[in-house]
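Coordinate analysis (summary)
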Amino acid sequence: MSNERIDLLRATIRDIPDFPKEGILFKDITPLLADPTAFTTCLDLFAERWAGQHVDAIVGIESRGFIFGAALAARMMTSFVPARKPGKLPAATNRVEYALEYGTDCIEMHVDALRPKDRVVLIDDLMATGGTAAAAIELCRGLGAEVIGAGFVIELEFLNGRDRLGDVPILSLVTY
Ligand code: AMP
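This report concerns the structure included in the present document.

Procedures and definitions
Residues numbered from 1 in each chain as written. Predicted model: local features only at pLDDT ≥ 70, side-chain atom pairs only at ≥ 80, totals over all residues. Heavy atoms only, no water. Core = buried A, V, L, I, M, F, W, Y, C linked by side-chain atoms within 4.5 Å. Buried < 20%, exposed > 50% of the residue type's maximum accessible area, 1.4 Å probe, protein only. Helix = DSSP H or I, 4+ residues; strand = E, 2+ residues; numbered from the N terminus. Contact = heavy atoms within 4.5 Å.

**Here's the deal with the nonpolar core**
- Within the largest apolar cluster, 29 residues are counted, with the highest numbers of intra-cluster contacts made by L9, L32, F46, W50, F68, I123 and L173.
- At eight residues, helix α3 (residues 36–50) tops the list of elements feeding residues into this core.
- In this structure L32 touches L9, T12, I13, A38, F39, C42, F68 and V153, once residues within four positions along its chain are discounted.
- Core analysis: the second largest hydrophobic core is formed by 28 residues, L114, I137, V147 and L165 among them.

Next up, the structure:
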């Protein structure tokens, strides 16, 4: 991966101290989204990583994972599947609870969102402790799908989130 492209992305990520709680350094990706070159670069890097592999669906995690995941799915001409906060999806769902860097939460996916043996790529804006991504992987596997990769715009490496993702290959564009 070219350093120039990563440097461009890094330059558009803004640190917001003490949000949403004291002690959290929030990585704000809104300046990245406002920069069409940076946003397109994210999609290029993700698409290059999984080009040539059969992908049945991109699973995006609410809410910032939707922004990157949906755009990537359109780019790759594959399905987009939302993993959502509880109570948001209208049809029958499966649910997995997980711990966040700040608090606890759970995510849901429609029971008919994926089929057994579907090959899926998980996308979120940021991996911190890895709890959210691990829960999303559990949801996909619960439907019999195979998670062939996970992509994050940002990885907070010092939290060792990748340890919770087992053998799923991970692509993180900008690491801290
Ligand atoms: P985790 O489950 O700990 O890996 O947390 C990942 C989720 O929480 C992602 O959906 C992120 O959007 C959000 N998140 C956690 N920590 C941060 C942070 N420092 N800055 C921005 N978003 C964060």
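That covers the picture; the talk isn't over yet.
**Quick word on unusual backbone geometry**
- Of note, the amide linkage connecting F19 to P20 takes the cis form, showing an omega dihedral of -5°.
- In this structure, the amide linkage connecting E62 to the following residue, S63, adopts the cis form with an omega of -5°.
- Its location among the elements puts S63 in the loop between β3 (57–61) and α4 (64–76).
- Look at D18: it is not a glycine, yet its phi comes out positive at around 60°.
- As for its position among the elements, D18 is in the loop between β1 (14–17) and β2 (25–28).
- On the basis of relative accessibility, which here comes to 45%, the residue D18 falls in the partly exposed class.
- A positive phi angle, near 55°, is found at N160, a position not held by glycine.
- For N160, the position within the fold is in the loop between β8 (146–155) and β9 (170–175).

**A short note on the environment of D35**
- Along the polypeptide, D35 turns up in the loop between α2 (30–34) and α3.
- As for D35 and L9, which are separated by 26 residues in sequence, their C-alpha atoms are 9.4 Å apart.
- Leave out the neighbours within four places in its chain, and D35 touches L8 and T12.

**What about the environment of L159?**
- Mapped onto the elements of the fold, L159 is located in the loop between β8 and β9.
- Residue L159 is classed as partly exposed on the basis of its relative accessible area, which comes to 29%.
- Separated by 30 residues in sequence, L159 and T129 have C-alpha atoms that sit 5.4 Å apart.

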